[in-house]
Amino acid sequence: MKLGFIGLGIMGKPMAKNLLKAGHELVVYDIVTKNVEDVVQAGAVAANSGKEVAQQCKIVITMLPNSPHVKTAVMGDNGILEGAVEGSIIVDMSSIAPLASQEICKACQEKGVKMLDAPVSGGEPKAIDGSLSIMVGGDQKVFNEVYDILMAMGASAVHCGDIGAGNITKLANQVVVALNIAAVSEAFMLSTKAGVDPEKVFHAIRGGLAGSTVMNAKIPMIMEGNFKPGFKVDLHIKDLNNALETGHSVGAPLPMTSAVMEMLQVLHANGSGADDHSAIAKYYEKLADLEIRS
Ligand code: NAD
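Predicted, not measured: the structure shown is a model, and the values here were computed from it.

J.: So what exactly am I meant to see when it comes to the site of the ligand here?
T.: Near the ligand you find 25 residues, and of these Met11, Asp30, Asn35, Pro65 and Lys238 are the closest. Leu64 is positioned with one of its backbone polar atoms (N or O) 3.0 Å from an oxygen atom of the ligand. Within the backbone of Ser95, a nitrogen or oxygen atom sits 2.9 Å from an oxygen atom of the ligand. Compared with its free state, where it exposes 850 Å², the ligand has 91% of that area covered by protein. If you list the elements that add at least two residues to the shell around the ligand, you get α7 (123-128) and α12 (233-250). Of the residues that constitute the shell around the ligand, the class distribution is 13 nonpolar, 8 polar and 4 charged.

Right under this line is the structure:
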């Protein structure tokens, strides 16, 4: 099938390549021209705007940083809605505010265009091997229509509810991940400061109740002092900001999320905004004046 793909960054690029591998034709666009080159070399055709992408493809996928970027790409000048026709489908796989998804969907509906919010979890490694977890909001029939396309990029695609439900699910995911990295960092600082080799602690506890996907992914990076992203501190600030705003609007207090948000703010202020979110460990390393190293 001929598909559009807009936003070819850390996540979008490997996701687009997996769609090519699955046999789809791709028309792609990114505001940064060099981000397009790799995917074009893999077989995609470049377009000059979201409008041009939508004129050529009835299904357009977006993978952009945050709500304002998706609004610009969909509703802005030369955006997707200028090229889309009645019955076109936009699948926004970015992690954005659920209220923004609902607002963008409304603008789409006015043109007879259908939209799903379908953010992902799994990070760059799972984007590369096509095993992302995809959480989807919007019309069940539209979900069924694009299910096979989603499964070319993911290991699972779950319909969570109406438009915005995908991003609400993603916010829950991001709260769990942020708090888990903080918990792992705090615990490993305790054991390292008390004189036990973090490598031994990792091997001793990873198989028990304290073990987690986060611990398996992040502790090896932390022990190497490798904070190359991955998922950037600044993107996690964006997600926790959306979580706190959503929590406040529905009356769900998020005290632990607020605490970890302030840790991320410290990292951002200290020049670590572009580090991997495992840099939360650096916040603890500064507090305790010790690195978590084997
Ligand atoms: P990124 O910054 O690497 O990529 C975003 C891309 O969008 C860039 O290439 C940028 O040039 C392009 N872009 C921005 N505005 C545009 C516009 N108006 N039109 C066309 N292109 C535009 O970000 P990423 O890490 O790929 O993340 C994308 C989304 O996926 C974010 O919402 C993020 O929270 C989410 N996410 C990221 C990860 C991860 O590990 N990186 C994991 C899960 C979810």
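Text resumes after the structure shown.
J.: Just checking my understanding: could you explain the packing of aromatic side chains for this structure?
T.: How two aromatic rings sit relative to each other is set out by the distance from centre to centre and by the angle between their planes. Per the stated rule, a full pass over the model turns up 2 aromatic pairs. Taken together, a centroid distance of 5.4 Å and an interplanar angle of 90 degrees make the contact between Tyr283 and Tyr284 edge-to-face.

J.: Help me understand the packing of helix α9 (residues 165-193) against helix α10 (residues 198-205), please; the structure alone is not making it clear to me.
T.: Each pair of packed helices can be described by the angle between their axes along with the distance between the axes. At their nearest, the axes of α9 and α10 sit 9 Å apart, and the two run at 125 degrees to each other. Regarding the angle of α9 to α10, the classification is oblique. Our pair here, α9 against α10, has a crossing hand that is right-handed. Every residue of α10 that contacts α9 at Phe188, Ser191 and Thr192 is listed here: Pro198, Val201, Phe202 and Ile205. In terms of residue class, the contact of α9 with α10 is built from 5 nonpolar, 2 polar and no charged.

J.: What should I look at first to understand the pattern of salt bridges in this one?
T.: When the charged atoms of two side chains with opposite charge come close together, those side chains can pair. Summed over the entire model, instances satisfying the criterion amount to 7 salt bridges. A salt bridge links Lys218 to Asp276, with the shortest nitrogen-to-oxygen separation between them at 3.1 Å. Placement of the pair is Lys218 in helix α11 (residues 213-224) and Asp276 in the loop between α13 (255-269) and α14 (280-288), with a sequence separation of 58 residues. Asp276 carries the same exposure label as Lys218, and that label is buried. As a salt-bridge pair, Arg293 and Glu291 come within 3.5 Å of each other at their nearest N and O atoms. On the basis of relative accessibility, which here comes to 47%, the residue Glu291 falls in the partly exposed class.

J.: What should I look at first to understand the pairing of strand β6 (residues 114-117) in this one?
T.: If a strand is regular, its side chains alternate between the two faces of the sheet. Here strand β5 (residues 89-92) runs beside β6; their pairing, made up of 4 bridges, is parallel. Note that in β6 the partner of Ile89 across the bridge is Lys114. Note on the crossover from β5 through helix α6 (residues 98-109) to β6: the handedness is right-handed.

J.: Is there a simple way to explain the packing of α9 against α14 in this structure?
T.: Axis separation between α9 and α14 bottoms out at 8 Å; the angle between their running directions is 35 degrees. In terms of crossing hand, the pair formed by α9 and α14 is right-handed. Across the interface between the two elements, Ala178, Ile181, Ala182, Ser185, Glu186, Met189 and Lys193 of α9 pack against Ile280, Ala281, Tyr284, Glu285 and Ala288 of α14. In the contact of α9 with α14, the residues fall into 8 nonpolar, 1 polar and 3 charged.

Conventions and cut-offs
- Residues numbered from 1 in each chain as written.
- Predicted model: local features only at pLDDT ≥ 70, side-chain atom pairs only at ≥ 80, totals over all residues.
- Heavy atoms only, no water.
- Near = heavy atom within 4 Å.
- Polar contact = N/O pair within 3.5 Å; in protein donor to acceptor, adjacent residues only side chain to side chain.
- Areas by Shrake-Rupley, 256 points an atom, 1.4 Å probe, with all protein chains shown as cover.
- Helix = DSSP H or I, 4+ residues; strand = E, 2+ residues; numbered from the N terminus.
- Nonpolar A, V, L, I, M, F, W, Y, C, P; charged D, E, K, R; others polar.
- Phe/Tyr/Trp six-rings, centres within 6.5 Å; stacked < 30°, edge-to-face > 60°.
- Axes fitted to C-alpha atoms, helices over the stretch in contact; angles between N-to-C directions.
- Parallel < 35°, antiparallel > 145°, perpendicular 65-115°, else oblique.
- Left-handed = near helix turned anticlockwise from the far one by under 90°.
- Contact = heavy atoms within 4.5 Å.
- Salt bridge = Lys/Arg side-chain N within 4 Å of Asp/Glu carboxyl O.
- Buried < 20%, exposed > 50% of the residue type's maximum accessible area, 1.4 Å probe, protein only.
- Pairing = 2+ DSSP bridges.
- Right-handed = clockwise from strand over helix to strand, strands pointing away.

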